[in-house]
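The residues making up each chain are set out below.
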Number of protein chains: 2
Amino acid sequence: MNQHVIDVASGKIKADLAVINGKIVNVCSKEVYDGGIAAAGGIIAAVGDIEYTIGPETKIIDAKGKYLTPGFIDGHIHPESTNLSMTAFAQGLLTHGTTVIMTDLHEAGVVNGLEAIEALLDEAAATDLKMYFVVPSHVPFAPNLETSGGVFDSSIISKALDRPDAVGISEIVAPYLLNGYPDLMEAMDVALKKGKSLQGHLPDISGKDLNTCLAAGVTTDHEALSTEEAVERVRSGCHLMMREGSAARNLKDLVKVITEYKMDSTLCSIITDDLHTIDLAEKGHLDESIRTALSLGVDFITAVQLVTINAARAFHLDHEIGSLAPGRRADINITDGPESFAVHSVISAGREVVRDGTFLNPYPEIRHKPCLLNSVTMPKKITAEDLGLPAECETGNVKVQAMRTLDWIPITIGEEAVLPVRGGIVQCNPEADILHIAQVERYGKHGNIGKAFMAGFNLKGGALASSVAHDNHNIIAMGTNLDDVAFAMNRVAELQGGQVVVKNGQVLAEAAYPVLGLLSDLSLEELTDLKKKLIDETRKLGSTIPAPFMFLSFIGLAAIPEYAITDQGFVHVPTQSVINPILEVVA
Amino acid sequence: MNQHVIDVASGKIKADLAVINGKIVNVCSKEVYDGGIAAAGGIIAAVGDIEYTIGPETKIIDAKGKYLTPGFIDGHIHPESTNLSMTAFAQGLLTHGTTVIMTDLHEAGVVNGLEAIEALLDEAAATDLKMYFVVPSHVPFAPNLETSGGVFDSSIISKALDRPDAVGISEIVAPYLLNGYPDLMEAMDVALKKGKSLQGHLPDISGKDLNTCLAAGVTTDHEALSTEEAVERVRSGCHLMMREGSAARNLKDLVKVITEYKMDSTLCSIITDDLHTIDLAEKGHLDESIRTALSLGVDFITAVQLVTINAARAFHLDHEIGSLAPGRRADINITDGPESFAVHSVISAGREVVRDGTFLNPYPEIRHKPCLLNSVTMPKKITAEDLGLPAECETGNVKVQAMRTLDWIPITIGEEAVLPVRGGIVQCNPEADILHIAQVERYGKHGNIGKAFMAGFNLKGGALASSVAHDNHNIIAMGTNLDDVAFAMNRVAELQGGQVVVKNGQVLAEAAYPVLGLLSDLSLEELTDLKKKLIDETRKLGSTIPAPFMFLSFIGLAAIPEYAITDQGFVHVPTQSVINPILEVVA
């Protein structure tokens, strides 16, 4: 209990902060009316007529007739997808009116376990962005098919759930649940007993599979793609997190449960899942989602509910966050109305952090804990020889099983190709868009290298490499020749993580991610520039993929059909097995 | 986690129960459509197309095109107000479609502390009515002004909150909170830390007082009387429990937040608070509330939401109860639609308990735990002499401060009267409607007797007595002569609790409440008959009060203005002090 806010609400003492002359967007009553908001001790003390709370020491913010909304809540976002440090990430989101997120920091866990996640949560706690922790349920994704730095089991999950900021388990993968993986079931059981929620990851799940997940206690899903899936989820009492992020934009179809089916919207919210640096810099975050929702025909207050109280309710946190009401965190946005929605000023926990679009007090440079640094341990440099796939013949040709990415989503399909052999090593064929791809284990455990062939990227020279590689974050690289692939990998290792574009032994563009090999220490603007250069240089090398590094990072994910590359080799996803990419020697 | 329901949802094994050919009232999506519901292990496995769950062993209930709603939830009810045993109470509510209640069993706590409450919860657990426990926050109501059997402090509350069925603290009395009573603040703080909710009791509270209660963490209130109060609560993010019970019917005014203000109804539910035996027998429970809501212009699905999912959400229990969705308790009502709403059949936790209005398996007679019995300890019989108020004169007249109840609500106002003195004792004056009233401590602690004068009941002969006397449940009695008052008190003591109407040393009507002096062991029908006789006989004695025993039981409550009688004496409520009813000797 916060005696300070109680004393202000009762009129005993005066408020710390008062926002006056606003239009209250009341997401509880679904009304808009004139009024102010008083805050104390980071909590809202009064809303509406707040005259009695204002004293000579009260900081006054005049909203000048603008709208006051609750701070926005993203119920499912992976901060690592921005590659920003926690401070830059917080600053970026706050600038767009997001004051609360629910996150699993799963990627940090993959690199260095719960210790790394807790270190990042500590860094975030020093910012004005409130993070609720949703404990990752599977680190790594496929223990038998990839090597990660951190490993979670139910005992670690149980320990993590005891954190006061822990609100549930994240990304409960439907097939694991449907197959009754004992350690997952144990973790879910523990979570339910501790009163924590089970957050689903239920792509392409419907009918009895959906029933099974919900019967087991899962209460949300963020993987619905179609209107039909959305309708089924709401009808089934499953909170529908409508994804509108950088990696997938599904709101247009999903929002029809509200605009066409006229369903109760209480069980719906908007989340981003993955948000990329450039999108954050150029479009925004949930403010952009509100604009999108409005353009799709959602009324203004409902749109605001979708990123505030509804998300709070999905986590049983509506008594703490998500509305402009006494007792809630004093998260307040000063915004335009529905005509041209934009966030002007932002108050987080009673502190003015953004005024007229300007972030007031940028966070000081942070000293990272040692567990976040030096995450790349590779005892020796990679050579072209390390990366070659030996054939059973010295020269001639072999038929290989390659994988080809679709050009709009990083889903791969199989493609057979005939490739030449030189000196016993299978050569790629850039003219035919068949490139080398490899992943090297980077945690100093064994240095395994998986090797295969990749189509769809259309590089005509050079190579790309990245230490961001779902869901193991080993170093993944792809290129037109093994020398450049090796050079790119070594450069990423030298940077202690990052992303690079190289050609003929020269770095064309690079971004360093010294934090876990995942996060930069640059500002949003600086990193945006580097990211654009990475894309530009990749384009100049011939690639036609719109987000080549995002695509590359997903080629390592043994969860997405049909093929993947990990440090353990070339993975056939449907059978969850490592296969030999060389099929046979041909004439 | 319930493996049985998971296996049924997934199709591995067949359902225990299937309701087929229904119209699903979906309170999540706000739709009605044809479908069935499958249940296993007490939990819903599938809704809609449930064909795959039905096997040869599955019990089939054919809804024959009737509507299927979730079981009803009363978020605030005191079972003791029915004076029924837990089994008869459960049977009564279940028959009307209520499958879940939230309750503090406060009255049981007043008589014999947490032990008695836990014994009643145990009795309830053997029925099909699910009770969530909301821990009483003040037992007794006014420790300095009354003597109770049980006493709660924050350490007992903290212990009680650790029960797995405990979901919050009940009846947080606004003035106690506003005055910062340390033990209450401590209990609230403990509850918040344990993730439990704070349920308010906020009559006549608005503006900064309401802000203060909410800033302290209170999230619900059931005491709003006017539309204006209702509007303020919803706007302030306070869940509005709209009371429509036997002691107060406020829905007509409160529901205007939905029907006239068109507010979001998610923060609204209907509760009964106090429900009387005769109302339960003759009108019903929340089924009657739905009929009332419909008659007031609420649409059908919203009306159902008000007694199902909204109540579940108020307690953060919507993942367990309140909707027809996989993973929720299989509480299903088969009902008529909006035209003439009635509950026909009831399934609770997957068990058919009511079929076509008939309760299928009445509960066996219960053996109560010793802590529930023999709660009246009075070492000696009360005599008329014990009850007389001595004057300072032997004969003549005195002016007294009497209290008069309003005739529609048991609120008292002061009334001065001149009464004769005989043999040094002040005599009442039934012709002028000034009666004796007294309360005797019944827990064997000291046997104190409080004495005063009562107007408004209009008894012309005899006396009434009751061991139900909020909020201490001592024996309260009122009558036209001290002999009958003493006789009535002694008869209640002989019964080990109950309510009696007597005249000239004869019992005219009585009901025994052997359980804590609060609850009968009779069936709903039997007790209804006795209750009617109690009222009839009281009417024959001249009383014009519609519910004389309910009114009498509230005259002992030191919380309701302006006067009360307790074992400590005649209480002036605004000053919370005991005063002398005799003002002066007059000519």
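Structure's up top.
We now turn to the structure provided with this report. (Residues numbered from 1 in each chain as written. Chains lettered and ligands numbered in written order. Predicted model: local features only at pLDDT ≥ 70, side-chain atom pairs only at ≥ 80, totals over all residues. Heavy atoms only, no water.)

1. Remarks on the overall build of chain A
- Scanning chain A for helices and strands turns up 18 helices and 30 strands.
- What you see for chain A is a C-alpha radius of gyration of 25 Å, in line with the 25 Å of a compact globule of 587 residues.
- Based on the C-alpha atoms only, the size of chain A along its principal axes is roughly 90 × 50 × 45 Å.
- Sorting the 587 residues of chain A into buried and exposed places 66% on the buried side.
- Once local pairs closer than 6 in sequence are excluded, the contacts in chain A between residues at least 24 apart make up 68%.
- Summing over all exposed atoms, chain A offers an accessible surface of approximately 19,600 Å²; the carbon and sulfur share of this is 50%.
- Separation of charge centres in chain A, based on 46 positive and 75 negative side chains, amounts to 2 Å. (Helix = DSSP H or I, 4+ residues; strand = E, 2+ residues; numbered from the N terminus. Rg over C-alpha atoms; globule rule 2.2 N^0.38 Å. Buried < 20%, exposed > 50% of the residue type's maximum accessible area, 1.4 Å probe, protein only. Contact = heavy atoms within 4.5 Å. Areas by Shrake-Rupley, 256 points an atom, 1.4 Å probe, with all protein chains shown as cover. Lys, Arg positive; Asp, Glu negative; His and termini not counted. Charge placed at Lys NZ, Arg CZ, Asp CG, Glu CD.)

2. Focus: the sheet that holds strand E6 (residues 72-74) of chain B
Residues and elements named next belong to chain B.
- Reading across from one edge, E6-E7-E8-E9-E10-E11-E12-E13 is the order of the eight strands in this open sheet, with parallel pairing throughout. Sheet topology places E6 and strand E13 (268-271) at the edges, where each strand pairs with a single neighbour. Mean inter-strand twist for the sheet, computed between neighbouring axes without regard to direction, equals 30°.
- For strand E8 (residues 130-136) and strand E9 (residues 166-173), the ladder comprises four bridges, and the chain directions are parallel. In the strand pairing of E9, Val134 is matched with Gly168.
- On the sheet, helix H2 (residues 86-95) packs against strand E7 (98-103) and E8 and is oriented at approximately 125° with respect to E7. (Pairing = 2+ DSSP bridges. Axes fitted to C-alpha atoms, helices over the stretch in contact; angles between N-to-C directions.)

3. Things to note about the relation of the copies chain B and chain A
- Here chain B sits on chain A after a turn of 180° about the axis and a move of 0.0 Å along it, with an RMSD of 0.1 Å. In symmetry terms, the pair is related by a two-fold rotation axis. Among all residues of chain B, the minimum C-alpha distance to the rotation axis is found for His316 of chain B, at 2.9 Å.
- Residue by residue, 100% of the interface of chain B is reproduced at the interface of chain A, so both copies engage with the same surface. (Least-squares fit on C-alpha atoms with pLDDT ≥ 70 in both.)

4. Focus on the pattern of salt bridges
All names here are of chain A.
- In this structure the tally under the stated criterion is 60 salt bridges over all chains.
- Here Glu118 and Arg163 are joined by a salt bridge, their closest N and O atoms 3.1 Å apart. Placement of the pair is Glu118 in helix H3 (residues 106-125) and Arg163 in the loop between helix H4 (154-161) and strand E9 (166-173), with a sequence separation of 45 residues.
- With relative accessibility at 24%, the residue Glu118 sits in the partly exposed group.
- Accessibility expressed as a relative area gives 18% for Arg163, which makes it buried.
- With its nearest N and O atoms 2.8 Å apart, the salt bridge here joins Arg163 to Asp165.
- Through salt bridges with shared partners, one network takes in Glu244, Arg249, Asp279 and Lys283. (Salt bridge = Lys/Arg side-chain N within 4 Å of Asp/Glu carboxyl O.)

5. Quick notes on unusual backbone geometry
Residues and elements named next belong to chain B.
- Following Val139, the chain continues to Pro140 via a peptide bond in cis, the omega torsion being -5°.
- Within the secondary structure layout, Pro140 lies in the loop between E8 and helix H4 (154-161).
- Between His470 and the following residue, Asp471, the backbone shows a cis peptide bond with an omega angle of 0°.
- Counting through the fold element by element, Asp471 comes out in the loop between strand E23 (463-466) and strand E24 (475-479).

6. Some remarks on the sheet that holds strand E29 (residues 577-579) of chain A
All names here are of chain A.
- Taken in spatial order, the three strands make up an open sheet running E27-E28-E29, and their pairing is antiparallel. What marks the edges here is a single partner per strand, and that holds for strand E27 (563-566) and E29. In this sheet, adjacent strand axes meet at a mean angle of 40° when their direction is disregarded.

7. Here's the deal with the pairing of strand E16 (residues 351-355) of chain A
All names here are of chain A.
- Relative to E16, strand E15 (residues 343-348) runs antiparallel, the two being bridged by three bridges. When the bridges of E16 are listed, Ile347 appears paired with Glu352.
- Hairpin connection from E15 to E16: two residues lie between these consecutive antiparallel strands, with Ala349 at a positive phi of about 50°.
- Examined bridge by bridge, E16 and strand E17 (residues 358-359) share two bridges and lie antiparallel to one another.

8. A short note on the side chain of Ser269 of chain A
All names here are of chain A.
- Examined against the element boundaries, Ser269 turns out to sit in strand E13 (residues 268-271).
- At a separation of 2.7 Å, a polar atom in the side chain of Ser269 contacts the side chain of His239.
- The residues touching Ser269, leaving out its near neighbours within four places in the chain, are His239, Leu240, Met241, Met242, Leu306, Asn310 and Ala311. (Polar contact = N/O pair within 3.5 Å; in protein donor to acceptor, adjacent residues only side chain to side chain.)

9. A short note on helix H2 (residues 86-95) of chain A
Residues and elements named next belong to chain A.
- The buried count for H2 comes to eight of 10 residues, which makes it a mostly enclosed element.
- Three or more residues of H2 are buried, namely Met86, Thr87, Ala88, Phe89, Ala90, Gly92, Leu93 and Leu94.
- Gly97 sits one or two residues past H2 and shows a positive phi near 95°.

10. Describing empty space enclosed by the protein
- If you walk through the whole model with that rule in mind, you get seven cavities of 30 Å³ or more.
- Reported here for the largest cavity is a volume of approximately 90 Å³.
- If you go around the largest cavity, you meet 13 residues; those closest to its centre are Glu244, Arg249, Gly284, His285 and Glu288 of chain A.
- Looking at which element gives the most residues to the lining of the largest cavity, the answer is helix H12 (residues 286-295) of chain A, with three residues.
- Counted as a void, the second largest cavity has a volume near 80 Å³.
- Considering the residues around the second largest cavity, the lining is formed by Glu244, Arg249, Thr272, Leu275, Asp279, Lys283, Gly284, His285, Glu288, Ser289 and Thr292 of chain B.
- Of the residues forming the lining of the second largest cavity, the biggest block, three residues, is contributed by helix H12 (residues 286-295) of chain B. (1 Å grid on protein atoms, 1.4 Å probe; cavity = no way out; pocket = protein on both sides within 12 Å on 5 of 7 lines; lining within 4 Å. Points joined across faces, edges and corners; volume = space filled by probe spheres on them.)

11. Focus on the packing of H4 of chain A against helix H6 (residues 182-193) of chain A
Residues and elements named next belong to chain A.
- Following both chains from N to C, one finds H4 and H6 inclined at 20°, their axes separated by 9 Å at the closest point. Here H4 lies roughly parallel to H6, going by the angle between them. Crossing angle aside, the handedness with which H4 passes H6 is right-handed. Taken together, the residues of H6 that come into contact with H4 (itself represented by Ser154, Ile157, Ser158 and Leu161) are Asp183, Glu186, Ala187, Val190 and Ala191.
- Here the contact of H4 with H6 is composed, by residue class, of five nonpolar, two polar and two charged. (Parallel < 35°, antiparallel > 145°, perpendicular 65-115°, else oblique. Left-handed = near helix turned anticlockwise from the far one by under 90°. Nonpolar A, V, L, I, M, F, W, Y, C, P; charged D, E, K, R; others polar.)

12. Some remarks on the interface of chain B and chain A
- Taken together, the 48 residues of chain B in the interface contact 48 residues of chain A.
- Counting the surface lost from both chain B and chain A, the interface buries some 3,900 Å², and carbon and sulfur atoms represent 57% of this.
- Looking only at chain B, the three residues that lose the most surface to chain A are Met1, Arg235 and His316 of chain B, adding up to 17% of its buried area.
- The tally of links between chain B and chain A comes to two salt bridges.
- The partner of Arg235 of chain A in a salt bridge is Glu31 of chain B, with the nearest N and O atoms 2.7 Å apart. (Buried area = accessible area lost by both parts, 1.4 Å probe.)

13. A look at the packing of aromatic side chains
- Within the structure shown, the criterion is met by 14 aromatic pairs over all chains.
- Judged by centre distance (6.0 Å) and plane angle (55°), the ring pair of Phe300 of chain A and Phe341 of chain A falls under tilted. Placement of Phe300 of chain A in helix H13 (residues 300-306) and of Phe341 of chain A in the loop between strand E14 (332-335) and E15 is noted, with a sequence separation of 41 residues between them. A single burial state applies to Phe300 of chain A and to Phe341 of chain A, both of which are buried.
- Taking the centre distance of 5.4 Å and the plane angle of 85° together, the rings of Tyr67 of chain B and Phe300 of chain B count as edge-to-face. With Tyr67 of chain B in strand E5 (residues 67-70) and Phe300 of chain B in helix H13 (residues 300-306), this residue pair connects regions lying 233 residues apart in the sequence.
- The class for Tyr67 of chain B is buried, based on a relative accessible area of 19%.
- The exposure class of Phe300 of chain B is buried, given its relative accessible area of 9%.
- Taken together, the ring pairs in this structure connect Tyr67, Phe72, Phe300 and Phe341 of chain A into an aromatic cluster.
- The ring centre of Tyr33 of chain A lies 4.8 Å from the NZ or CZ of Arg235 of chain B, which sits over that ring. (Phe/Tyr/Trp six-rings, centres within 6.5 Å; stacked < 30°, edge-to-face > 60°. Lys NZ or Arg CZ within 6 Å of the ring centre and 35° of its normal.)

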